[in-house]
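Coordinate inspection notes
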Amino acid sequence: MRNAIRFICSMATKGLLEELAAAHAQRSGVAVSVEAVGGVEAARRVAAGEVFDVVALASDAIDKLVDAGRLDGAGKVDLVRSGVGVAVRAGAARPDISTGDALRRAVREASIVAYSTGPSGVALMAMFQRWGIEAELQGRLVQAPPGVPVGLLIARGEAALGFQQMSELIGLAGIDLIGPLPAESQITTIFSAAPGIGGAQSEAVRALLDFMDSEDCADAKRRHGMQPA
């Protein structure tokens, strides 16, 4: 019996890739086991030598693992473009985030601002620095632990305003998703996948990645708050 394809990804793409893996398994008869963890933790495990058939992370993280000899760069596929959204606790006042200036005001007026450990969180902090409000926000920023959704902190009342990938905020109980960042301030991450070095199912992995990169998956990607890459 063929073993299931072992697939690790970050939390941002968890829902989408689980759905696509199940659809591919139904079509092909090849099972896919998807493990989703914080992106930093996933990259650490792969870099440390843990073998997966497929790894899906932010594109630059994939490139670093290719350079380290852990992933097959020739098989890399860009899967989705993912933007950042803004959320408040369910029923709370919804600040205006329609422009960059409005977003900045919303951030400055929020009692506690939550953000992620992933690439979007790093980019968000850089944006606050460019805005010149980094010092003003000291003591009012909370970073969600790896693998913990920012929306969970919002739902618990531990933060008033939260930023994370749209895909991780959509459908989360206890929050109201205000919408994506305005175009002038949007933070876009490309999530890619690549085969692992040492995997024993190269043909099955290639078929899986071809499917995930196909037009058949475009609607699912949009439904999860992302765009085909």
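Right, let's walk through the structure included here. Keep in mind that what you see is a predicted model, and the values were worked out from it rather than measured. Each chain carries its own residue numbering, running from 1 in the direction its sequence is written. Only residues with pLDDT of 70 or above have their local features reported here, since the model is predicted, and side-chain atom pairs are shown and tallied only from 80 upward, although totals for entire chains, interfaces and linings are computed over all residues. Hydrogens and water are ignored here; the side-chain numbers use all heavy atoms of the structure.

We now examine the overall build of the chain. Each helix and strand in the chain was counted, giving 9 helices and 10 strands. If you line up the chain on its principal axes, its C-alpha atoms span 55 × 35 × 30 Å. Every residue pair with non-hydrogen atoms within 4.5 Å of one another is taken to be in contact. A separation of at least 24 residues holds for 78% of the contacts in the chain among residues at least 6 apart in sequence. To be clear on the numbers: accessible area is Shrake-Rupley with a 1.4 Å probe, and residue cover counts the displayed protein chains and nothing else. Surface summary for the chain: the accessible area is close to 10,500 Å², and the carbon and sulfur share equals 49%. For the chain, the distance from the average site of its 22 positive side-chain charges to the average site of its 26 negative ones is 3 Å. Put simply, DSSP marks the helices as runs of H or I at least four residues long and the strands as runs of E at least two long, and each gets a number from the N terminus on. Charged residues are defined narrowly, with Lys and Arg counted positive, Asp and Glu counted negative, and His plus the chain ends left uncounted. We put the charge of a Lys on NZ, of an Arg on CZ, of an Asp on CG and of a Glu on CD.

The subject of this paragraph is the nonpolar core. Formed by 28 residues in total, the largest nonpolar core has its most connected members in Ile5, Phe7, Leu17, Leu20, Val54 and Met212. For this core, the secondary-structure elements that each account for two or more residues are strand E1 (5-10), helix H1 (14-28), strand E2 (32-37), strand E3 (54-58), strand E4 (77-89), strand E9 (188-195) and helix H8 (202-212). The element that contributes the greatest number of residues to this core is H8, accounting for 6 residues. By size, the runner-up hydrophobic cluster in this structure holds 22 residues, among which are Tyr115, Leu124, Trp131 and Leu137. Among buried residues, those of type Ala, Val, Leu, Ile, Met, Phe, Trp, Tyr and Cys that are joined through side-chain atoms within 4.5 Å constitute a nonpolar core. Buried residues are those whose accessible area, probed at 1.4 Å on protein chains only, stays under 20% of the maximum for their type, while exposed residues exceed 50% and partly exposed ones sit between those limits.

What follows concerns the packing of aromatic side chains. By convention here, two paired aromatic rings are described through the distance between centres and the angle between planes. Working definition: rings of Phe, Tyr and Trp (its six-membered ring) pair if their centres are within 6.5 Å, and the pair is stacked with planes under 30 degrees apart, edge-to-face with planes over 60 apart, and tilted otherwise. According to the stated counting rule, one finds 2 aromatic pairs in the structure shown. Relative to tryptophan 131, the ring of phenylalanine 128 lies with its centre 5.9 Å away and its plane at 35°, an arrangement referred to as tilted. You can see phenylalanine 128 and its partner tryptophan 131 sitting in helix H5 (residues 119-131), 3 residues apart, about one turn around the helix. Classification of phenylalanine 128 by relative accessible area gives buried; the value is 1%. Judged by centre distance (6.2 Å) and plane angle (80°), the rings of phenylalanine 128 and phenylalanine 163 are edge-to-face.

Bringing helix H4 (residues 100-109) into the picture now. Of the positions making up H4, those classed as buried are Gly100, Ala102, Leu103, Ala106 and Val107. What you see down the axis of H4 is that its buried residues fit within an arc of 160°, all on one side. Structurally, H4 contributes buried residues whose contacts are with E4, strand E5 (113-115), H5 and strand E7 (161-165). The arc in question is the one spanned by the directions pointing from the helix axis to the C-beta atoms.

Glancing now at the packing of H1 against H8. Closest axis-to-axis distance for the H1/H8 pair is 10 Å, and the angle between their directions is 120°. Judged by the inter-axis angle, H1 sits oblique to H8. In the crossing of H1 with H8, the sense of the turn from one axis to the other is right-handed. Counted together, Leu17, Leu20, Ala21, Ala23, His24 and Arg27 of H1 and Ala207, Leu208, Phe211 and Met212 of H8 form the full contact between these two elements. In this count, Pro and Cys sit with the nonpolar residues alongside Ala, Val, Leu, Ile, Met, Phe, Trp and Tyr, while Asp, Glu, Lys and Arg are called charged and the others, Gly among them, polar. Across the contact of H1 with H8, the residue classes break down as 8 nonpolar, 1 polar and 1 charged. Axes here refer to lines fitted to C-alpha atoms; in helices the fit is confined to the stretch in contact. Angles between the N-to-C directions go from 0 to 180 degrees. Put simply, angles under 35 degrees are roughly parallel, angles over 145 are roughly antiparallel, angles from 65 to 115 are roughly perpendicular, and the rest are oblique. Crossings are sorted by hand: turned counterclockwise from the far helix by less than a right angle, the near helix makes the crossing left-handed, and turned clockwise it makes it right-handed.

For serine 82, the position within the fold is in strand E4. Given the relative accessible area of 0%, serine 82 is considered buried. Looking at serine 82, its side chain comes within polar contact range of the side chain of glutamine 165, at 2.4 Å. With near-sequence residues (within four places) excluded, serine 82 lies in contact with Gln165, Ser167, Ile187, Thr188, Thr189, Phe191 and Met226. Under the rule applied, a polar contact is a pair of N or O atoms within 3.5 Å (in protein, one hydrogen donor and one hydrogen acceptor; residues adjacent in sequence only if both atoms are side-chain atoms).

The next point concerns H5. The end-to-end C-alpha distance of H5, which contains 13 residues, comes to 19 Å, matching closely the 18 Å that a straight helix rising 1.5 Å per residue would cover. Of the positions making up H5, those classed as buried are Ser120, Gly121, Leu124, Met125, Met127, Phe128 and Trp131. Projected down its long axis, H5 carries its buried residues within an arc of 155°, all on one side. Turned more than 90 degrees off the buried face of H5, the exposed positions are Val122, Gln129 and Arg130. The elements touched by buried residues of H5 are E4, H4, E5, strand E6 (141-143) and E7. Looking one or two residues beyond H5, the residue adopting positive phi is glycine 132, at roughly 75°. Expected helix span is given by 1.5 Å per residue-to-residue step, counting one fewer step than there are residues.

Now for the pattern of salt bridges. Here a salt bridge means any side-chain nitrogen of Lys or Arg lying within 4 Å of a carboxyl oxygen belonging to Asp or Glu. All chains considered together, the criterion is met by 13 salt bridges. The residue arginine 45 makes a salt bridge to glutamate 50 at a minimum N-O spacing of 2.9 Å. Linking aspartate 210 and arginine 206 is a salt bridge whose minimum nitrogen-to-oxygen distance equals 3.2 Å. Here arginine 206 and aspartate 210 lie together in helix H8, a separation of 4 residues that amounts to about one turn. Look at aspartate 210 and you get partly exposed, because its relative accessible area is 43%. Given the relative accessible area of 30%, arginine 206 is considered partly exposed. Salt bridges linked by common partners bring Arg6, Glu35, Arg45 and Glu50 together as one network.

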